[in-house]
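# Coordinate inspection notes
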Amino acid sequence: MTDVNATTNGNGADKAEQEIGRFASELKQLRSDFSNLSDVLQNLVRRVSQDAAAEASKAGERVYNSAVGATDDLAKAIKEEPLAFTFGALGVGFILGWLFSGRR
């Protein structure tokens, strides 16, 4: 009877070792998968941030070009009608002076 128990325990130990080996193999594969996932996520974040930077740069250029265009239009309008803009600025100055002065 002792022989049968020893054989049974031996098979149980072998099965346990096989299960541990499979578990270790699966754990190694899982580590590899997580490492690959980390690389994929890093590349994705890098790509998205580059795309966002490019879009922000384009938006900045559009705003700059719009501001330059508006400035050029204003300069042209002032050159065409300097007296109107002078009197307009004088009027705005008087109104602001009156509002911010203490004498009312």
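Here the structure is shown first, and the text comes after it.
Conventions and cut-offs
Residues numbered from 1 in each chain as written. Predicted model: local features only at pLDDT ≥ 70, side-chain atom pairs only at ≥ 80, totals over all residues. Heavy atoms only, no water. Salt bridge = Lys/Arg side-chain N within 4 Å of Asp/Glu carboxyl O. Helix = DSSP H or I, 4+ residues; strand = E, 2+ residues; numbered from the N terminus. Patch = residues over 30% accessible without salt bridge, like charges linked within 9 Å, V, L, I, M, F, W, Y side chains within 5 Å. Areas by Shrake-Rupley, 256 points an atom, 1.4 Å probe, with all protein chains shown as cover.

Tallied over the entire structure, the rule returns one salt bridge. A salt bridge links Arg22 to Glu19; its shortest N-O distance comes to 3.0 Å. Of this pair, Arg22 and Glu19 both sit in helix 1 (residues 2–80), three residues apart, which is roughly one turn of the helix.

Next up on the list: a nonpolar patch on the surface. Taken together, the side chains of Phe23, Leu27, Leu30, Phe34, Leu37, Leu41, Leu44 and Val48 make up a nonpolar region of the molecular surface, amounting to roughly 740 Å² of accessible area. Looking at the element boundaries, Leu37 is found in helix 1.

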